[in-house]
Amino acid sequence: MAVGAQSISKSQIEQFQNLPRAQQEALASQYGVDLDSLQSSGQSSQRPREVQVVEPVYSDTNEEEDKAREEKPEDQEASVEKGGLKPYGYDLFRGSPTTFAPVTEIPIPSEYTLGPGDVLRIQLWGKENQNLELPVSRDGTISFPQSGPMPVAGLSFDETRQQISKKVSEQYIGVQVSVSLGELRSMRVFVLGEARNPGSYSVSSLSTITNALYVSGGIKQNGSLRNLQHKRDGKLVGTLDLYDLLLKGDSSGDNRLQPGDVIFIPPVGKRAGIEGEVYRPALYELKDENTLADLVRMAGGLTPQAYPQRINIERNNEDFLRILAEADYTATKGKSARIQMGDTVTVPSISDITGQFVEVSGAATRSGRFAWMPGMRVSSVIKHLNADLAPVADQRYAAIVRTDKVTDTISVLNLRLRKAVQNPGSPFDLRLEERDQLLIFSDSGKVEVGEESEEDDRNDTRESLFSPVLQRLKSQATPSAPQKTIRITGPVRYPGEYPMPASRELADAIFVAGGLKDSAFLYSAEIARYTTDQNGIGTTDILSLNLAEAMAGIGSVALQSRDRILIKSIPDFATTSTIELKGEVRYPGEYTFRDGETLRQVIERAGGLTENSFPTGAVFTRAKLRQLEAQRLREAKERLQGDLLGVQLEGDGFGGQSGDRVQQVESLLEEVQGSRPVGRMVVDLSAVLNDDDYQSIRLQDGDTLTVPKIPQAVTVFGEVQFPTSHLHRAGLTVDDYLERSGGPTRQADESRVYVVKADGSVMLPEKSRWFGSRSQQLAPGDTIIMPIDVDRLNQLELWTNVSQIVYQMALGAAAVGNL
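Every value quoted in this text rests on a predicted model; they were computed, and no experiment measured them. (Residues numbered from 1 in each chain as written. Predicted model: local features only at pLDDT ≥ 70, side-chain atom pairs only at ≥ 80, totals over all residues. Heavy atoms only, no water.)

(A) Broad picture of the overall build of the protein chain. Per the secondary structure count, the protein chain includes 22 helices and 37 strands. Only carbon and sulfur atoms are counted for the fraction: they give 48% of the accessible area of the protein chain, which is about 44600 Å². (Helix = DSSP H or I, 4+ residues; strand = E, 2+ residues; numbered from the N terminus. Areas by Shrake-Rupley, 256 points an atom, 1.4 Å probe, with all protein chains shown as cover.)

(B) The packing of aromatic side chains, seen in detail. Inspection of every chain in the model, using the stated rule, returns eight aromatic pairs. Taking 5.5 Å as the distance between ring centres and 5 degrees as the angle between the ring planes, the aromatic pair formed by Tyr397 and Phe441 counts as stacked. You can see Tyr397 sitting in strand β20 (residues 393-403) and its partner Phe441 sitting in strand β22 (residues 437-442), a full 44 residues away along the chain. Classification of Tyr397 as buried rests on a relative accessible area of 1%. (Phe/Tyr/Trp six-rings, centres within 6.5 Å; stacked < 30°, edge-to-face > 60°. Buried < 20%, exposed > 50% of the residue type's maximum accessible area, 1.4 Å probe, protein only.)

(C) Representation of the environment of Arg605 in the model. By the secondary structure assignment, Arg605 is in helix α17 (residues 599-605). When the C-alpha positions of Arg605 and Tyr587 are compared, they lie 8.6 Å apart, and in sequence the two are 18 residues distant. Once residues lying within four places of it in the same chain are set aside, the contact partners of Arg605 are Tyr591, Thr592, Phe593 and Glu597. (Contact = heavy atoms within 4.5 Å.)

(D) Layout of the environment of Glu194. On the secondary structure map, Glu194 appears in the loop between β8 (186-193) and β9 (199-204). Under the relative-accessibility criterion, Glu194 is labelled buried at 19%. As for Glu194 and Lys220, which are separated by 26 residues in sequence, their C-alpha atoms are 5.8 Å apart. Excluding residues that lie within four positions of it along the chain, Glu194 makes contacts with Ile219, Lys220, Asn222, Gly223, Ile265, Pro266 and Pro267. A distance of 3.4 Å separates the side chain of Glu194 from the side chain of Asn222, its partner in a polar contact. (Polar contact = N/O pair within 3.5 Å; in protein donor to acceptor, adjacent residues only side chain to side chain.)

(E) Examining the pattern of salt bridges more closely. Applying the stated criterion to the full structure yields 34 salt bridges. With a closest N to O distance of 3.7 Å, Arg472 and Asp408 form a salt bridge. Here Asp408 lies in the loop between β20 and β21 (410-416) and Arg472 lies in helix α14 (residues 462-475), a separation of 64 residues in the sequence. On the basis of relative accessibility, which here comes to 45%, the residue Asp408 falls in the partly exposed class. (Salt bridge = Lys/Arg side-chain N within 4 Å of Asp/Glu carboxyl O.)

(F) The pairing of β9, seen in detail. Alignment of β8 against β9, held across six bridges, turns out to be antiparallel. Its bridge partner being in β9, Phe190 is matched across the sheet by Ser200. From the end of β8 to the start of β9, which pair antiparallel, there are five residues. (Pairing = 2+ DSSP bridges.)

(G) Representation of the sheet that holds strand β15 (residues 311-316) in the model. Pairing is mixed in the open sheet, where five strands are placed in the order β14-β13-β17-β15-β16. If you trace the sheet from one side to the other, it starts and ends with β14 (282-285) and β16 (322-327), each paired once. Between one strand axis and the next, the sheet turns by 25 degrees as a mean value, whatever way the strands run. As paired strands, strand β13 (residues 271-276) and strand β17 (residues 344-347) are joined by four bridges and run parallel to one another. (Axes fitted to C-alpha atoms, helices over the stretch in contact; angles between N-to-C directions.)

(H) Examining the nonpolar core more closely. In this structure, Leu213, Ile274, Tyr284, Leu292 and Leu295 are the most contacted members of the largest nonpolar core, which totals 44 residues. If you tally residues by element for this core, the top one is helix α9 (residues 292-298), at five residues. Contacts of Tyr284, omitting those with residues within four sequence positions, involve Tyr88, Tyr243, Lys270, Arg271, Ala272, Ile274, Leu295, Met298 and Ala299. The next biggest cluster of nonpolar side chains, apart from the first, holds 33 residues, and it includes Phe466, Val512, Ala513 and Ile565. (Core = buried A, V, L, I, M, F, W, Y, C linked by side-chain atoms within 4.5 Å.)

(I) Inspection of the sheet that holds β22 at higher detail. Reading across from one edge, β19-β18-β22-β20-β21 is the order of the five strands in this open sheet, with mixed pairing throughout. Edge positions in the open sheet fall to β19 (368-371) and β21, since each of these has one partner strand only. Averaged over all pairs of adjacent strands, the angle between strand axes in this sheet comes to 25 degrees, irrespective of strand direction. One ladder, built from seven bridges, connects β20 with β21; its direction is antiparallel. Bridging from a neighbouring strand, Val401 pairs with Val412 of β21.

(J) Summary view of the side chain of Gln229. Positionally, Gln229 belongs in strand β10 (residues 228-232). Judged by its relative accessible area of 16%, Gln229 falls in the buried class.

Here it is, written out as structure tokens:
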């Protein structure tokens, strides 16, 4: 019968594990025991289970802060008054107990005192092999086999080990012994006072004061860290200053606990805060420290950025008012300055770098401040254009903003950056002075595709980098030294306001603005100059100059404060006007025409019309007319939408006709929304080409002429039963074609039938002398329009809307149908 590992006692497992491996396998096979499970069972029984007694609190949550506010510790209000400083050291033991099991994973010292509940593990080997676990009974003894009770309570572990070794050597011959501690007794201690979780706790017999504090969750922020009291039987055994442990690593005061001991945490003592340039800004509890040097020492000392000559001390005076005092920490008297309860010490920082530097700003790879040395030049800071500048940087131009040490005013020097870097030591490579600022601008021409939208957000453009410089130049201006700014407009790369060049030459001002564009007019430019006459009245003078000569330095006018430079553009520079000829033209295509050229001239350049052309049905469209038609269609759409809403709101006010009227207006609205503007202008192309007295058609950019082939159909469109096109037959009238399309619908208005001729003109059969009546015959390419009966909607005032809409749709239908 197989024997399970669970039925074997603990002592039997230990004896089994002490046997040789071969003997273990033989016994396991004989009794049907799984050797691996038996060994794992023994190992699990020997290894104590690790218990996490405390779950640390890694961060202050909102719940913890709310709980702290509910507890209303005194330091919470003080920390707010002192700039949010937190008391020092309270996070060390902060945690939440997860179990009341004692902590056993603690090294056992040789001076450990045994007591009831401890278990001794004794291993005998040699002539006799045996493992014993002997618990210390309540009377303080252990029951040693074949020897009787042996008193061990009150003895140290080292003393107990020696006595057992002596006893074994006397009673057992050829047997050696090893003594260790197994399970330790637990004991109950009390953590009281300003503990985070006060109460009694079951801890290991090896626990110290700090172990108990850790188990109890630490100390509240209104508890003292410097006077923890260890009491036994109502008497003070010792005190613990946690600052010795936190600041010095001294744990000599961390006494071991005994059953029934009490750890009492009194309220916090006097505190003082320190902030600023120290390593550990916080609120510190004062004990024997009463000088500024002591407080700085607890805060970890001053940082290298501290300014020790003026340390501020804020405190309450005798009248309970906050006052401010200063101490010079570099002097002995300042270090020995007295610190009082509630003081807040602020260690200021040294000032920012004030000298011995030059600064690079803008589109540079490494912007910032660099050490300045006498004699250094621009090439000392920007050594390689591609390596030291950003890809979008303008390599042609940069600016140097220089501050005068005496007057603290600034001036701007223009720099030809590429020449300066490529020719070190040359006159282009300007010398830098202390506190110079080198501005590197971006070049919009180098912005990659897809980055145009980000161009306005760049902070290294001329406008953004020069903005504070211009403000400074304007603020430092005086009557004797007017502001040195100019404004340049026109075809330059970067028009805008700039510092006036030191040379006061127009060519340098244009260079600062990025240079001229190819559309600039070189023979004329203007400078608008504000001046005052002898009576102090301001006037504006206009100076005209030859730009080409000024750029060459010939007869250039010296620039003055607030000059406005206007660079003129070449009229219609690089603008081309085109017309597209399509259809029955000898050489169709897109033609560029000169200003003032006519349609007849362009058609002649295109070789004229073909033999199959139909000049009467030619469609001439113009972009400007197309825009006007689109606007009219939008207006008609808006009016129809308003009228539709009115019909829907009226409801049944017109009896059963309301639904029909809503449907009719919706149909009109759909037709308008589906219409596309044509922009057609009615012309008589035959007269344009053959009649010299016919008005010439001057072309505009975007015009289009489409000449169709000779048509053979007449189109019927509108409110008929079957709108379609019919083969033209001589002798057929308007009514004949309407009859062939099924006749009018119920919504048709037969009295307003009209015809759109092939050339785009509109004729009314009822009124036109041309027709005389609806029995008039039609020509190929004509379109008959049967409009909707708007009189049925007379109370909507839709006549104007419908007539405009239908007219536009008729034009579009005729134009498309005849192409």
